[in-house]
Amino acid sequence: MKEHHDIHKVESFVMGCLTEYDSGHDWWHIVRVRNTALKIMKSEKTGSRMLIEVASLLHDIGDSKFRKDDGRKSEDLLKGFLESSGYDDNFISEVLFINKNISFSGGKRPENPSKEFMIVQDADRLDAIGAIGLARAFNYGGFVNNMIYDPAGGPSTIRHFDDKLLKLKDLMNTETGAIMAADRHTVLVKFLEQFYNEWEIVKEKL
Ligand code: ADP
Ligand code: NI
């Protein structure tokens, strides 16, 4: 394992990579995921701090929603950065694994995920629910100009709640993550209830 590593160098690398992302994937998303992951690590008393911190910072590099290449270019970029920073091969493959597999959704799960993978994935998922997750969903929906809601059932940000966000609380890997998710989940449920109540105006005969 590397004796001294420069977290500021990793932070600067990430900041330089986020320019094409929507503002729900800005530097502050990265900071929230890093800090949430460290909080889960402390509560679960497991995982390597260095791996969790570096993997959190780098988790969205090459996200398929924003990149224009086929993914190989950003993986090479990330790998090159880690190699030039002097991390050892084992550490590098752990970071690349987390980066590549973190977005696995719909119950699909990589085989033998590391504890660090599970912690960083929980932190990323937590940022997609609760008040912040709600804000991010509409922010992303606006970024790609999706409908807020389509009563005919077509794609919309409200449908994204059913498709994904409401499922996240049952997909958490860690106990700490599950407790945090339960609290944030209720924010989504309350919001949707109010949203559909307000939508009733559309059906009124006036
Ligand atoms: P991350 O990129 O952080 O790993 P995701 O790729 O799942 O996580 O999505 C990031 C954010 O964008 C989340 O807050 C998610 O709700 C939002 N998002 C993704 N797809 C949609 C969509 N179709 N409609 C609205 N929000 C979306
Ligand atoms: Ni993310």
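Above this text you will find the structure in question.
Residues numbered from 1 in each chain as written. Chains lettered and ligands numbered in written order. Predicted model: local features only at pLDDT ≥ 70, side-chain atom pairs only at ≥ 80, totals over all residues. Heavy atoms only, no water.

Quick word on the coordination of the nickel ion (ligand 2)
Where we set the bar: In this description, a donor is an N, O or S atom within 2.8 Å of the metal centre, a cutoff extended to 3.2 Å for sodium, potassium and calcium. Water is not part of the atom list, which can make sites seem incomplete. Runs of H or I in DSSP of at least four residues are treated as helices and runs of E of at least two as strands, each being numbered from the N terminus. The rule is simple: take the accessible area with a 1.4 Å probe, protein chains only, and divide by the maximum for that residue type; under 20% is buried, over 50% is exposed, in between is partly exposed.
The protein atoms that coordinate the nickel ion (ligand 2) are His29 (NE2), His59 (NE2), Asp60 (OD) and Asp124 (OD), at distances spanning 2.1 to 2.4 Å. Linear spacing of the donor residues for the nickel ion (ligand 2) on their chain is H-x29-H-D-x63-D. Remark: Asp124 occurs in helix α6 (residues 115-126) and His59 occurs in the loop between α3 (49-57) and α4 (72-84); sequence separation between them is 65 residues. Under the relative-accessibility criterion, Asp124 is labelled buried at 15%.

Quick word on the nonpolar core
Where a protein is soluble and globular, its nonpolar side chains tend to be buried together. Note the following rule: Remark: nonpolar core denotes a set of buried residues (Ala, Val, Leu, Ile, Met, Phe, Trp, Tyr, Cys) joined through side-chain atoms within 4.5 Å. Residue contacts are defined here by distance: any two heavy atoms, one from each residue, within 4.5 Å place the two residues in contact.
Ranked by internal contacts, the top residues of the largest apolar core, which has 53 residues, are Val54, Leu58 and Leu82. With eight residues, the top contributor of residues to this core is helix α2 (residues 27-44). In contact with Leu58, other than residues within four places in its own chain, are Val10, Phe13, Val14, Leu78, Leu82, Val95 and Asn99.

Topic: the packing of aromatic side chains
To keep things clear, this is the line we draw: The criterion for an aromatic pair is that two Phe, Tyr or Trp rings (for Trp, the six-membered ring) have centres within 6.5 Å, with stacked assigned to planes under 30 degrees apart, edge-to-face to planes over 60 apart and tilted to the rest.
Tallying each qualifying case throughout the model produces 13 aromatic pairs. An angle of 45 degrees between the planes, with centres 5.9 Å apart, marks the rings of Phe138 and Phe161 as tilted. Remark: Phe161 occurs in helix α8 (residues 157-163) and Phe138 occurs in helix α7 (residues 130-143); sequence separation between them is 23 residues. On the basis of an interplanar angle of 90 degrees and a centroid distance of 4.7 Å, the ring pair of Tyr149 and Trp199 is categorised as edge-to-face. One end of the pair, Tyr149, is in the loop between α7 and α8; the other, Trp199, is in helix α9 (residues 175-199), and 50 residues separate them in sequence. For Trp199, a relative accessible area of 24% corresponds to the partly exposed category. Aromatic rings pair up to connect Phe138, Tyr149, Phe161, Phe191, Phe195, Tyr196 and Trp199 into one cluster.

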